[in-house]
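# A look at the structure
Residues per chain, in single letters:
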Amino acid sequence: MLVVPELRTMAQLRARAFRMRRPAPLPLSDAELGSIRTPFYLVMGRRSLLVHPRRQAERVPRLIPGARAEIVAATGHVPQMDHPDLLNARMLSFMDDTDSATALRSDR
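All residue numbers here refer to positions counted from 1 along the written sequence of the relevant chain. Under the rules for a predicted model, residues below a pLDDT of 70 receive no local features and side-chain atom pairs below 80 are neither given nor counted, while totals for whole chains, interfaces and linings still include all residues. Processing note: side-chain calculations cover all non-hydrogen atoms of the structure and skip hydrogens and water entirely.

## Examining the pairing of strand β2 (residues 68-72)
Think of it this way: DSSP has to see at least two bridges between two strands before they count as a pair. Helix and strand definitions follow DSSP, with helices as H or I runs of at least four residues and strands as E runs of at least two, each counted in order from the N terminus. Examined bridge by bridge, strand β1 (residues 41-45) and β2 share five bridges and lie parallel to one another. Across the sheet, the residue bridging to Tyr41 is Arg68, located in β2. By the criterion used throughout, a crossover qualifies as right-handed when its path from the first strand across the helix to the second strand runs clockwise, the strands pointing away from the viewer. Running through helix α3 (residues 53-63), the crossover from β1 to the neighbouring parallel element β2 is right-handed.

Below is the structure:
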């Protein structure tokens, strides 16, 4: 959560005033997602109005080898702003897990 009231107000005003000026990007196809070979960590808010969190939390790990997808319960589309400490801890955990898995593969 943004604890500095001025920053929170600015973010809320920008979000309300934002207007897409070009066509929104199309979702990636299953084949496009399946071609991703870099570590991939997807975090979504349960109350997001822009994505379908449960659908993507199932789809992404199924299509991208080694991907992790999580849903944060008490937030909307920007969990990293609403819960920065939680997201930072989870991201660091993902990176540690990814580094460990890479080290294990290189030892073989």
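## Thoughts on the pattern of salt bridges
Salt bridges are defined by distance alone: a side-chain nitrogen of Lys or Arg within 4 Å of a carboxyl oxygen of Asp or Glu. By the definition in use, this model includes four salt bridges. Among the salt bridges present, the one from Glu58 reaches Arg62, with a minimum N-O distance of 2.5 Å. Taken together, the residues Glu58 and Arg62, both in helix α3 and four residues apart, mark about one turn of the helix. When its relative accessible area of 42% is taken as the criterion, Glu58 is described as partly exposed. With a closest N to O distance of 3.1 Å, Arg90 and Glu70 form a salt bridge. Of this pair, Arg90 sits in helix α5 (residues 84-107) while Glu70 sits in strand β2, and the two are 20 residues apart along the sequence. Note on classification: 1.4 Å probe, protein chains only; a residue is buried when its accessible area is under 20% of the maximum for its type, exposed when over 50%, partly exposed between these limits.

## Notes on the layout of surface pockets
Both cavities and pockets are sets of points on a 1 Å grid over the protein atoms alone; in a cavity a 1.4 Å probe fits but cannot get out, in a pocket the set is open with protein on both sides within 12 Å along at least five of seven lines, and lining residues sit with an atom within 4 Å of a point. Grid points are joined across faces, edges and corners, and a volume is the space filled by probe spheres set on the points. Taken as a whole, the second largest pocket holds about 600 Å³ of empty space. Elements supplying a minimum of two residues to the lining of the second largest pocket: β1, α3 and α4 (79-82). In terms of residue class, the lining of the second largest pocket is built from 14 nonpolar, six polar and two charged. In this count, Pro and Cys sit with the nonpolar residues alongside Ala, Val, Leu, Ile, Met, Phe, Trp and Tyr, while Asp, Glu, Lys and Arg are called charged and the others, Gly among them, polar.

## Some words on the packing of aromatic side chains
Pairing of aromatic rings covers Phe, Tyr and the six-membered ring of Trp, with a centre-to-centre limit of 6.5 Å; geometry is then stacked below 30 degrees between planes, edge-to-face above 60, and tilted otherwise. Taken as a whole, this structure holds one aromatic pair when the rule is applied. Their ring planes at 15° and their centres at 5.0 Å tell us that Tyr41 and Phe94 sit as a pair that is stacked. Of this pair, Tyr41 sits in strand β1 while Phe94 sits in helix α5, and the two are 53 residues apart along the sequence. Each member of the pair, Tyr41 as well as Phe94, carries the same accessibility label: buried.

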